[in-house]
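Chains, contacts and geometry: an overview
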Amino acid sequence: LFWIIQYLFSLFPLRGEIKMINDCCKNGQKHGTDHEDCASLPLISESTTCRIVQEQCCVTVLEDKMCTNGINTAKDQGACDSLFTNTCDTKTTKMCCDCCTLGKTAHELGLPCDHNLSVGHQCNLVSRACCVEGATAVDQISTCLWCLLGKCAHRCVGNDTCACFKGYKLKPDGKSCEDINECLVGASNCRGGERCINTEGSFRCQREVSCGTGYELTDSNNCKDIDECETGIHNCGPQFQCQNTQGSFRCLPKVQCGSGFIQDALGNCIDINECVSQTGPCNRGQICVNTVGSYTCQRNSVNCGRGYHLNEEGTRCVDIDECKTTENVCGGHACLNMLGSYRCECEAGYMFNSITRLCEDVNECRHYPGRLCAHKCENTLGSYKCSCTTGFALAADGRNCDDLNECESTPCSQECANVYGSYQCYCRRGYQLSDIDGTTCEDIDECALPTGGHICSYRCHNTPGSFHCSCPVNGYTLAVNGRSCQDIDECVTGSHTCTENQSCFNVQGGFRCLSFECPNNYRRVGETAARLERSEVVRCIKSCQPNNIACVLDPTHSVSHTFISLPTFRELPRPEEIVFLRTTVPAYGSYNFGSYDVKFDILEGNVDNAFDIIKRVENGLYVGIVRQVKPLIGPAMTVLKLSMRNLTTQGDSGLNIVNVHVFVSEFWF
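The rules behind each value
- Residue positions are given per chain, counting from 1 as you read along its sequence in written order.
- The model is predicted, so local features are restricted to residues of pLDDT at least 70 and side-chain atom pairs to those at 80 or more, both for listing and for counting; the totals for chains, interfaces and linings are taken over all residues.
- Side-chain figures throughout are based on the complete set of non-hydrogen atoms in the structure, without hydrogens or water.
- UniProt positions are given in the numbering used here, feature names are shortened, and annotations may be inferred rather than shown by experiment.
- Each pair of aromatic rings taken from Phe, Tyr and Trp, with Trp reduced to its six-membered ring, is defined by centres within 6.5 Å and is described as stacked if the planes are under 30 degrees apart, edge-to-face if over 60, and tilted in the remaining cases.
- For the exposure calls, accessible area comes from a 1.4 Å probe over protein chains only, and a residue counts as buried if that area is under 20% of its type's maximum, exposed if over 50%, partly exposed in between.
- For a ring to carry a charge above it, either NZ of a lysine or CZ of an arginine must fall within 6 Å of the ring centroid while also lying within 35 degrees of the normal to the ring plane.
- What counts as a helix is a DSSP run of H or I of at least four residues, what counts as a strand is a run of E of at least two, and both are numbered from the N terminus.
- In this description, the term disulfide denotes a pair of cysteine sulfurs within 2.5 Å.

- Going by the annotation in an unreviewed UniProt entry, the name recorded for the chain is Fibulin-1, with Oreochromis niloticus given as the source organism.
- The UniProt entry for the chain carries the following text under Sequence similarities (unreviewed entry): "Belongs to the fibulin family."
- Under the heading Function (unreviewed entry), UniProt records this for the chain: "Incorporated into fibronectin-containing matrix fibers. May play a role in cell adhesion and migration along protein fibers within the extracellular matrix (ECM). Could be important for certain developmental processes and contribute to the supramolecular organization of ECM architecture, in particular to those of basement membranes."

Spelled out as structure tokens, the structure:
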């Protein structure tokens with residue numbers, strides 16, 4: 001296992017990879033130490049190498065522990081009979097115990113500790129450790145192994161000392177290794193004309209001048225001829241044989257051609273036309289006739305060339321008038337006879353081909369690109385025609401293109417705007433263009449838009465191309481802006497049903513008919529109006545009858561009623577101040593001048609603890625402020641019974657009761 005792990009370290013010489021392997025090994029060691037089991041190792045990396053090192057380091061911890069137990073058994077008991085059970089857990093323990101016993105026996109008999117028995121590498125280490133004095137060698141072996149796994153970057157050389165592989169040097173920390181630049185320190189063996197290039201853990205020599213075509217660079221940095229014939233990189237055909245030369249090769253024909261033939265580049269034998277290649281091969285009055293591989297000489301006779309034929313007497317050659325033959329040589333075009341030939345006078349759009357001797361169509365679109373037609377050009381026999389792209393129509397001159405007004409055919413469901421080469425559909429307000437066809441206008445449901453809930457105060461009703469808002473049936477009317485709902489003050493319009501003995505108080509979305517009677521021994525201050533405003537107060541003050549001691553001793557000086565109408569708050573981000581109880585008690589008064597403090601309390605009617613009361617100083621006087629601290633869902637009604645108690649140096653000097661009639665609307669507006 002020691003050499004396996006050392007080999008794994010040699011595969012990862014870089015510092016970052018060594019650190020990764022170290023971390024994998026340390027994790028395996030810790031898991032083996034803590035759990036004494038390597039069957040359920042945690043997955044700390046996707047690397048297969050990391051998994052191997054993690055598992056082997058864990059197993060090493062367990063085997064080291066079992067081996068130590070076996071050595072201790074051999075040293076303490078001198079026998080290994082107690083470990084006779086041959087299981088996976090005791091196999092290593094018994095092996096180390098037996099091998100340690102073998103080493104102790106060798107030490108007792110005076111035999112050398114370094115025996116050559118084939119008992120395995122690990123058994124040899126344990127036997128040698130127990131043979132010498134004490135267990136020093138075992139400790140050194142264990143220390144070296146753990147030094148390799150947990151400390152040294154490359155390898156361990158014993159005595160807890162680290163060393164580096166060839167091409168590296170030990171850093172000052174005694175553990176890490178860094179590359180030696182052989183080119184910089186002059187440790188390379190590069191020759192003249194070669195340049196030293198440093199590599200990780202080594203170096204290489206590179207020629208400054210390449211070998212050139214047909215040569216390759218050897219491992220000894222020399223130029224060697226490439227045998228193209230042996231390597232098979234030549235291009236000789238099957239009729240040739242490859243012959244290597246310095247820096248190149250030659251193709252030699254396998255078959256040699258006979259007399260009257262010449263070999264071509266492909267190795268084929270081609271007949272030599274002696275009548276052409278030789279000057280005067282035949283005598284005067286004879287003509288030369290080439291044959292395969294040779295030639296013959298025949299007596300001279302009249303031989304007319306192309307475009308001529310023998311006259312009827314057979315004595316001379318006369319011109320052939322090709323234009324008068326039965327064949328239509330010019331394909332419908334005008335024919336002009338010439339001596340030994342003819343010529344076609346091609347019509348417009350055609351051009352005479354002197355090789356095929358035919359009139360061929362001229363592709364005007366290819367010869368004059370972009371100059372004949374404004375948009376698209378299509379070639380035809382002897383001519384061409386122009387066409388236009390979508391959105392345009394061919395002009396009267398047959399070449400240019402005029403914009404086509406597509407809106408004349410009403411392609412859009414509402415509004416159409418012609419643009420150059422196309423058109424654009426538009427929709428009226430309250431409609432949007434369909435994403436499917438781009439021409440149909442669809443109604444916009446303003447009420448369903450993300451902001452639809454805020455368009456109308458109460459309810460939104462979609463209509464084709466628009467929308468309208470509505471308010472609750474009773475108590476509200478639509479505002480001028482057509483969106484908000486305004487409360488109808490029934491007390492002002494006279495649409496309430498209150499009697500003469502009742503006072504009308506307008507609330508949001510309705511009204512209340514209120515009547516108040518003062519308690520016994522109290523009288524009303526002023527007259528109660530037929531219509532109560534929010535700021536108005538109905539007040540009853542104490543008025544005792546003569547000799548009514550109980551009335552005189554009653555601390556309550558006054559009982560007041562005030563009124564407030566509140567909406568149903570959707571949200572209440574902070575307390576809402578709704579009622580202000582102002583006093584005449586100075587906040588900074590002296591004890592010698594009567595009252596010096598006021599205490600405010602809510603006695604009754606605080607539904608769900610939705611209200612509280614605080615004390616504040618304004619303009620030097622105490623003010624009680626009633627706040628709404630929680631939302632109330634309407635419709636709801638409650639009466640907050642508030643107390644204002646004046647405090648003096650002698651104690652309470654009086655009590656005032658304020659009844660706040662709170663009406664909560666069903667709606668938030």
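1. Regarding the packing of aromatic side chains
- Overall, the coordinates contain 10 aromatic pairs when judged by the stated rule.
- Geometrically, the ring pair formed by Trp-668 and Phe-669 is edge-to-face, given 5.6 Å between the ring centres and 85° between the ring planes.
- With a relative accessible area of 12%, Phe-669 lands in the buried category.
- Clustering of aromatic rings is evident, with ring pairs tying together Tyr-458, Tyr-476, Phe-667, Trp-668 and Phe-669.
- A cation over an aromatic ring shows up here: Lys-615 above the ring of Tyr-622, its NZ or CZ 4.9 Å from the ring centre.

2. Let's talk about unusual backbone geometry
- A cis amide bond, omega 0°, links Gly-634 with the succeeding residue Pro-635.
- With respect to the helices and strands, the residue Pro-635 is situated in the loop between β42 (621-628) and β43 (636-648).
- Of note in the backbone geometry, Arg-357 takes a positive phi value of approximately 55° without being a glycine.
- Note that Arg-357 resides in the loop between β19 (350-353) and β20 (358-361).
- Assessed through its relative accessible area of 16%, Arg-357 is described here as buried.
- At Asn-609, a residue that is not glycine, the phi angle is positive and equals roughly 50°.

3. A look at the state of the cysteines
- Evaluation of the coordinates by the stated rule reveals 32 disulfides.
- Paired by a disulfide, Cys-456 and Cys-469 hold their sulfur atoms 1.8 Å apart. Classification of the bridge connecting Cys-456 and Cys-469 rests on its S-S torsion, roughly -70°, and on that basis the disulfide is left-handed. Of this pair, Cys-456 sits in the loop between β28 (441-443) and β29 (459-463) while Cys-469 sits in strand β30 (residues 466-470), and the two are 13 residues apart along the sequence.
- When its relative accessible area of 6% is taken as the criterion, Cys-456 is described as buried.
- Under the relative-accessibility criterion, Cys-469 is labelled buried at 6%.

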